[in-house]
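# Residue-level structure breakdown
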Amino acid sequence: MPDILLVEDKDSLRRVLRLTLENAGYTVTEAPDARAAVAEIARTPHRLVLTDLRMPHGSGLDVLRAARAADSGVPVIVMTAFGSIDEAVQAMKDGAHDFLQKPVDSNHLLLLVERALEQARLRTENILLREEWSRRYGFPRIIGESEAIKRAVGETQRVAQTEATVLLLGESGVGKELFARAVHHLSNRRDQPFVAINCAAIPETLIENELFGHERGAFTGASDRRLGKFELASGGTVFLDEIGELPLAVQGKLLRAIEEKVVDRIGGRAQIAVDVRVVAATNRDLRAAVESGEFRRDLFFRLAVFPVEIPPLRERDEDIILLAKHFTAQLGKELRGREAALSEAAGAALRAHTWPGNVRELENAIERACILSDTMTLEPKDLGLAAGTREEGLDGLDLSGTLSDVANRAIRFAERRKISSALKENEGNKARTAEALGVSYKTLLTKLKDYDL
């Protein structure tokens with residue numbers, strides 16, 4: 001494909017410009033006037049157009065408009081011997097990349113051409129990256145045929161078209177962020193930012209700064225102004241994951257940001273207007289947290305305008321194999337270059353497992369199996385699901401008392417066993433254990449003390 005279309009009516013100058021460009025490694029196609037240039041543009045694509053402004057049978061503006069109509073990404077450099085400001089302004093308004101005055105300096109010309117082609121390359125690369133990002137992280141694909149997941153998807157689709165605040169409820173690993181992204185991409189804000197914040201992963205001393213930003217000099221080390229996530233997401237959606245871990249001191253400021261659509265940077269004197277939709281998620285019982293004074297009642301009711309309950313994987317038996325096949329195809333290609341498959345025994349093992357870690361645990365099991373498998377037909381031994389099958393009971397559980405007593409006892413029994421197992425798997429590393437369990441480091445420390453582990 002010819003690299004550059006050169007349009008110049010003076011033969012001698014056209015030859016000089018052609019030699020200059022070819023000596024620099026470019027391929028050049030010539031056109032002696034505007035009419036010939038427009039016909040050439042219609043026949044053949046070019047990476048750049050270099051055109052004189054005043055010529056027979058039309059002008060450089062005609063060439064510019066034809067080039068932009070054929071491909072809006074093609075840079076056009078316009079040359080003129082007259083240096084008319086009006087013509088320069090008109091050319092730039094019509095989309096010229098740059099304006100070059102005659103007599104042409106060859107070094108200046110080559111510099112402009114190089115910059116124009118580099119910018120065009122970056123634009124193309126940016127488009128490809130956006131497409132790749134959209135493919136990987138854009139509209140989420142929620143897989144499932146169970147009635148429970150269909151109900152959650154239907155509720156998500158209905159609320160997405162509104163501006164209502166959404167509260168996603170469910171255990172760790174059920175895919176709450178996937179649903180949050182679905183809310184965003186089905187809304188009128190889909191072309192604006194989606195910003196996710198894990199409230200449990202940010203220390204209490206930093207969470208306000210992360211959400212609302214700070215001014216220069218607000219505290220020691222604040223050498224520059226920093227915008228918070230609410231400002232960065234303005235026009236789009238903020239996803240507050242593990243909202244139940246948000247400190248009480250910050251909850252009031254979050255409530256104000258949602259209701260009044262303004263934030264105050266740390267150290268700032270002026271209110272900053274923000275326009276965001278808030279989607280929050282939690283694996284905690286926020287009503288119980290409200291009763292215990294750990295969560296503001298007014299913030300809870302503001303967040304829970306439209307709650308969506310996302311079911312755990314153990315309540316979605318018919319979806320386990322569907323999800324597993326999706327992960328084997330996707331992860332097999334990513335990790336080993338080809339799709340993996342499930343043996344009958346592996347499928348049976350997946351169906352028998354209790355999935356305390358939900359969809360995240362299933363994905364991790366498939367990823368592990370794709371790495372370990374020699375044949376890419378996954379077997380039970382590749383999955384690493386020795387514990388946690390449905391046949392396991394709560395041996396040793398005290399069944400005396402009321403149903404409520406037994407239920408509370410069972411929860412503590414299961415939590416203690418799960419935490420103990422996770423600690424062993426992570427060799428006593430509390431940070432990794434908290435991450436594996438899907439709880440904050442502070443919550444883990446509290447439970448370790450409570451269960452005397």
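Keep in mind it's a predicted model, so treat the numbers as computed, not measured.

Parameters at a glance
- Residues numbered from 1 in each chain as written.
- Predicted model: local features only at pLDDT ≥ 70, side-chain atom pairs only at ≥ 80, totals over all residues.
- Heavy atoms only, no water.
- Helix = DSSP H or I, 4+ residues; strand = E, 2+ residues; numbered from the N terminus.
- Rg over C-alpha atoms; globule rule 2.2 N^0.38 Å.
- Buried < 20%, exposed > 50% of the residue type's maximum accessible area, 1.4 Å probe, protein only.
- Lys, Arg positive; Asp, Glu negative; His and termini not counted.
- Charge placed at Lys NZ, Arg CZ, Asp CG, Glu CD.
- Pairing = 2+ DSSP bridges.
- Right-handed = clockwise from strand over helix to strand, strands pointing away.
- Axes fitted to C-alpha atoms, helices over the stretch in contact; angles between N-to-C directions.
- Parallel < 35°, antiparallel > 145°, perpendicular 65-115°, else oblique.
- Left-handed = near helix turned anticlockwise from the far one by under 90°.
- Contact = heavy atoms within 4.5 Å.
- Nonpolar A, V, L, I, M, F, W, Y, C, P; charged D, E, K, R; others polar.
- Polar contact = N/O pair within 3.5 Å; in protein donor to acceptor, adjacent residues only side chain to side chain.
- Core = buried A, V, L, I, M, F, W, Y, C linked by side-chain atoms within 4.5 Å.
- Salt bridge = Lys/Arg side-chain N within 4 Å of Asp/Glu carboxyl O.
- Phe/Tyr/Trp six-rings, centres within 6.5 Å; stacked < 30°, edge-to-face > 60°.

### Here we look at the overall build of the chain
When its secondary structure is counted, the chain shows 19 helices and 18 strands. Its C-alpha radius of gyration of 31 Å places the chain more than 25% over the 22 Å reference for a compact globule of 453 residues. Principal-axis analysis of the C-alpha atoms gives the chain an extent of 105 × 65 × 40 Å. For the chain, the proportion of its 453 residues judged to be buried stands at 43%. Placing the 63 positive and 70 negative side-chain charges of the chain at their respective mean positions leaves the two points 2 Å apart.

### Some thoughts on the pairing of strand β2 (residues 28-31)
Taken together, the four bridges between strand β1 (residues 4-7) and β2 define a ladder with parallel strand orientation. In the sheet register, I4 faces β2, and the bridge partner there is V28. Of the crossover connections in this fold, the one passing from β1 over helix α1 (residues 11-23) to the parallel β2 is right-handed.

### A few points about unusual backbone geometry
In this chain, K102 is followed by P103 through a cis amide linkage whose omega measures 0°. Checked against the element boundaries, P103 lands in the loop between β7 (98-101) and α5 (106-137). Positive phi is not limited to glycine here, since W355 has a value of about 55°. For W355, the position within the fold is in the loop between α14 (344-352) and α15 (358-372). Exposure remark for W355: the relative accessible area of 0% places this residue in the buried category. With phi around 65°, M376 is a residue other than glycine that occupies positive phi space. Here M376 shows up in the loop between α15 and β18 (377-378).

### Describing the side chain of T20
As for its position among the elements, T20 is in helix α1. By relative accessible area, which is 18% here, T20 ends up buried.

### Re the sheet that holds strand β15 (residues 277-282)
Taken in spatial order, the five strands line up as β9-β12-β15-β8-β16 in an open sheet, and their pairing is parallel. Each end of this open sheet is capped by a strand with a single partner; those strands are β9 (194-198) and β16 (306-309). Pairwise comparison of adjacent strand axes, ignoring direction, gives a mean angle of 20° for this sheet. Both strand β8 (residues 166-169) and β16 contribute to a ladder of four bridges, which runs parallel. By the bridge assignment for β16, L169 is matched with E309.

### Thoughts on the packing of helix α13 (residues 317-336) against α14
Between two packed helices, what matters for the description is the angle formed by their axes and the separation of those axes. Packing of α13 against α14 leaves a shortest axis separation of 9 Å and a crossing angle of 130°. The angle between α13 and α14 places the two elements in the oblique class. Considering only the axes of α13 and α14, their crossing is right-handed. Contact with α13, carried on its side by I320, I321 and A324, involves G347, L350 and R351 of α14 and no other residues of that element. Class assignment for the residues of the contact of α13 with α14 results in four nonpolar, one polar and one charged.

### Structural notes on the side chain of R189
Mapped onto the fold, R189 is located in the loop between α7 (176-185) and β9. A polar contact is formed between the side chain of R189 and the side chain of E163, at a distance of 2.7 Å. Residues contacting R189, with those up to four places away along its chain left out, are E163, H184, G235, G236, T237, D275, V276 and R277.

### As for the sheet that holds β1
Taken together, the five strands give an open sheet; going across it, the order is β2-β1-β3-β6-β7, and neighbouring strands pair in parallel fashion. Bordering the open sheet on either side are β2 and β7, each of which pairs with just one other strand. Averaged over all pairs of adjacent strands, the angle between strand axes in this sheet comes to 20°, irrespective of strand direction. Bridge count between β1 and strand β3 (residues 48-52): four bridges; the pairing is parallel. Residue pairing across strands places L5 opposite V49, the latter belonging to β3. Here α1 sits on the sheet and contacts β1, β2, β3 and β6 (76-80); the angle it forms with β2, its principal contact strand, is near 165°. Here helix α3 (residues 60-70) sits on the sheet and contacts β1, β3 and β6; the angle it forms with β3, its principal contact strand, is near 165°.

### Here we look at the nonpolar core
Residues L211, F230, L240, I243 and F295 are the most contacted members of the largest nonpolar core, which totals 31 residues. Every element with two or more residues in this core is listed here: β9, α8 (204-212), β12 (237-241), α10 (248-260), β15, α11 (286-291) and α12 (297-303). Here this core takes five residues from α10, the largest share from any one element. Membership of the second largest hydrophobic core comes to 22 residues, among which are I143, F327, C370 and L383.

### A closer look at the pattern of salt bridges
If you walk through the whole model with that rule in mind, you get 30 salt bridges. In this structure, E145 engages K150 in a salt bridge whose closest nitrogen and oxygen atoms are separated by 3.8 Å. Residue classification places K150 among the partly exposed residues on the basis of a relative accessible area of 40%. Linked by salt bridges that have partners in common, D11, R14, R18, E22 and E30 make up one network.

### Some points on the packing of aromatic side chains
One pass over the full model with this rule turns up three aromatic pairs. Geometrically, the ring pair formed by F212 and F230 is tilted, given 5.5 Å between the ring centres and 50° between the ring planes. Taken as a pair, F212 in helix α8 and F230 in helix α9 (residues 229-232) lie far apart in primary sequence, 18 residues in all. Across the pair, F230 and F212 agree in class, each one buried.

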